[in-house]
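One-letter residues, chain by chain:
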Amino acid sequence: MNFSPEAVRAYSYNHKYSRRAGLENYIILQNARRTYQNFIEQCRGYNVNGSLVVGYAKRNKMSYDAALKSYIMKINHSLLNNHKDSIGEKYITTRSFDFKESIFPSFTACCANYNISPATVRTMAYNRQLSLGEALERCLQLREERKFIYDGIEYKSFKACCLAHKLNYNSVTSYKTEKKCDNLEAFLHFLNPANTHEFEWNGIFYKSLQACCIEHNISYQAVSTYKHTHKCTREEAFYHYYFPRTKAYIKDNIVYKSFADCCKKNNISYSSVRSYMHTHKCSREDAFKYYLERNDSLKFVWDGIPYRTFRDCCQKLGISFNSVRSYKPRKKCCNEDALKHFITLKIN
């Protein structure tokens, strides 16, 4: 701020203020003698970002003057203690920034000199409770750690090296996780032309796991979700969905293509059986037996003709099932008597 240090010291001595209190009151006194067109211009006179002060005042439901005073106190605290904390740096519009024995016109200029985003540094400073200088140093350290050297050429990161050699970065990292190897080994594996195919199943190479799933009519999304949930390899996840589709299932000496096909042939919902297995923690045979017995109990015979359910019988005979169901409790009769009553009415 453009104030003479001698004038501030004299003002503090004459009014018996401490250094901090003297500087705060001197700033207020000097700016009180000025006239401003609006609040933003007043903030600019204090060398403070006005839009941030307005937002702070609205969030905390306080007056603009109180918010401005709060910011001035934070900035002065940073200046007096020669400590460049994230709070003081954030609200000063123009201020020199010292980093590694070099002075920059501002924090943004310092970041531009090191080719790093100021927003990235500020985010790290906020998340890890660091000063801007410490956060900037940490970001530069991480950038050095990310560098990858291959064949004497230094790349900004391992991902940049994969892209430069036209390799799928996600495939390389997935292979690295599955085989528990380092970046270089996974990179060399995909760099070899013999390993250009990403997925192998039953001795057949596919361009990707998704292409293999499409070939075998299996949901790629389901396989990926299973792999992430059970933390297994792609082969194990694919085998989980491939096995029940190809495994023949035998029930009552009848061979079915699969267990799902067996459920379909017996008019049982395969998804209902799986849901029952999960809820009651039983085998699929027990779940299948439950729904088979349930369907048998729901069967209805009329005039020697078997129907899957009583509702199905009513629909086949052209009678409203809801009418029959409401007639039963009113007349206190069984299904057969209620159905016979409506058949009679229909004939007459």
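What counts and how
- Residues numbered from 1 in each chain as written.
- Predicted model: local features only at pLDDT ≥ 70, side-chain atom pairs only at ≥ 80, totals over all residues.
- Heavy atoms only, no water.
- Helix = DSSP H or I, 4+ residues; strand = E, 2+ residues; numbered from the N terminus.
- Buried < 20%, exposed > 50% of the residue type's maximum accessible area, 1.4 Å probe, protein only.
- Contact = heavy atoms within 4.5 Å.
- Areas by Shrake-Rupley, 256 points an atom, 1.4 Å probe, with all protein chains shown as cover.
- Salt bridge = Lys/Arg side-chain N within 4 Å of Asp/Glu carboxyl O.
- Phe/Tyr/Trp six-rings, centres within 6.5 Å; stacked < 30°, edge-to-face > 60°.
- Core = buried A, V, L, I, M, F, W, Y, C linked by side-chain atoms within 4.5 Å.
- Axes fitted to C-alpha atoms, helices over the stretch in contact; angles between N-to-C directions.
- Parallel < 35°, antiparallel > 145°, perpendicular 65-115°, else oblique.
- Left-handed = near helix turned anticlockwise from the far one by under 90°.
- Nonpolar A, V, L, I, M, F, W, Y, C, P; charged D, E, K, R; others polar.

Asks: What am I meant to see in the overall build of the protein chain here?
Replies: When you go through the protein chain residue by residue, the secondary structure sums to 21 helices and 10 strands. Classification of the 348 residues of the protein chain by burial places 32% in the buried group. Summarising the internal contacts of the protein chain: among those between residues at least 6 apart in sequence, 33% fall at separations of at least 24. When the accessible surface of the protein chain is summed, it comes to about 23,400 Å², and 50% of that surface belongs to carbon and sulfur atoms.

Asks: Got a minute to help me understand the pattern of salt bridges in this structure?
Replies: A side chain with one charge may pair with a side chain of the opposite charge, provided their charged atoms come close. Using the criterion set out here, one finds five salt bridges in the structure. The salt bridge involving Lys 147 is made with Glu 144; its shortest N-O contact spans 3.0 Å. Each of Glu 144, Lys 147 and Glu 154 takes part in salt bridges that share partners, so that together they form one network.

Asks: I tried to follow the packing of aromatic side chains on my own but got confused; where do I start?
Replies: Any aromatic ring pair is given by two values, namely how distant the centres are and how the planes are angled relative to each other. In the structure shown here, the tally under the stated rule is 11 aromatic pairs. Their ring planes at 70° and their centres at 4.9 Å tell us that Phe 148 and Phe 158 sit as a pair that is edge-to-face. Within this pair, whereas Phe 148 is found in strand E3 (residues 148-150), its partner Phe 158 is found in helix H10 (residues 158-164), the two being separated by 10 residues in sequence. Each member of the pair, Phe 148 as well as Phe 158, is classed as buried. Pairing Tyr 276 with Tyr 291 gives two aromatic rings, centres 5.8 Å apart and planes at 75°, and the pair type is edge-to-face. Taken together, the residues Tyr 276 in helix H17 (residues 270-280) and Tyr 291 in helix H18 (residues 284-298) connect sequence positions 15 residues apart.

Asks: I keep staring at the nonpolar core and nothing clicks. Help me out?
Replies: In globular proteins that are soluble, nonpolar side chains generally tend to be buried together. In terms of nonpolar packing, the biggest core is built from 16 residues, with Phe 97, Phe 99, Val 121 and Leu 136 touching the most fellow members. Within the residue set of this core, elements represented by two or more residues are strand E1 (97-99), helix H7 (107-113), helix H8 (118-128) and helix H9 (132-146). In terms of residue count, the dominant contributor to this core is H9 (six residues).

Asks: Got a minute to help me understand unusual backbone geometry in this structure?
Replies: Peptide bonds are, in most cases, trans, and in most cases residues other than glycine have a negative phi. Located in the positive-phi region is Lys 61, a residue other than glycine, with phi close to 55°. Owing to a relative accessible area of 78%, Lys 61 belongs among the exposed residues under this scheme. If you check the backbone angles, Lys 332 has positive phi at about 55° while not being a glycine. For Lys 332, the position within the fold is in the loop between helix H20 (321-331) and helix H21 (335-347).

Asks: Would you take a moment to explain the environment of Ser 12 for this structure?
Replies: Note on placement: Ser 12 falls in helix H1 (residues 5-14). Among the residues examined, Ser 12 registers a relative accessible area of 8% and is labelled buried. Sequence separation between Ser 12 and Gly 22 is 10 residues, and the spatial gap between their C-alpha atoms is 4.6 Å. Apart from the residues within four sequence positions on either side, Ser 12 is in contact with Tyr 17, Ser 18, Gly 22 and Leu 23.

Asks: Is there a simple way to think about the packing of H20 against H21 in this case?
Replies: How two helices pack is summed up by the angle between their axes together with the distance between the axes. Across the interface, H20 lies against H21 with an axial gap of 9 Å and an inter-helix angle of 120°. As the angle between them shows, H20 and H21 are arranged oblique. Considering only the axes of H20 and H21, their crossing is right-handed. Residue-level contacts link Ser 323, Val 324, Tyr 327 and Lys 328 of H20 to Asn 335, Ala 338, Leu 339, His 341 and Phe 342 of H21. Looking at the contact of H20 with H21, its residues break down into five nonpolar, three polar and one charged.

Asks: Quick question: what am I supposed to make of the side chain of Ser 157 here?
Replies: Locating Ser 157 in the fold gives a position in the loop between strand E4 (153-155) and H10. Its relative accessible area of 18% is what places Ser 157 among the buried residues. With residues near it in sequence (within four places) discarded, Ser 157 still touches Arg 146 and Phe 148.

Asks: Quick question: what am I supposed to make of the environment of Pro 118 here?
Replies: Checked against the element boundaries, Pro 118 lands in helix H8. Taking the relative accessible area as the measure of exposure, Pro 118 reaches 22% and is therefore partly exposed. With 11 residues separating them along the chain, Pro 118 and Phe 107 place their C-alpha atoms 7.7 Å apart.

Asks: In this structure, what is going on with the packing of helix H19 (residues 310-317) against H21? I would like to understand it.
Replies: As a packed pair, H19 and H21 sit with axes 12 Å apart at the nearest point and diverge in direction by 10°. With respect to H21, the element H19 is oriented roughly parallel. Judged by residue contacts, Phe 310, Cys 313, Cys 314 and Leu 317 of H19 engage Asn 335, Leu 339, Ile 343 and Lys 346 from H21. Taken together, the residues of the contact of H19 with H21 sort by class into six nonpolar, one polar and one charged.

By themselves, these figures tell us nothing about what the structure is for.
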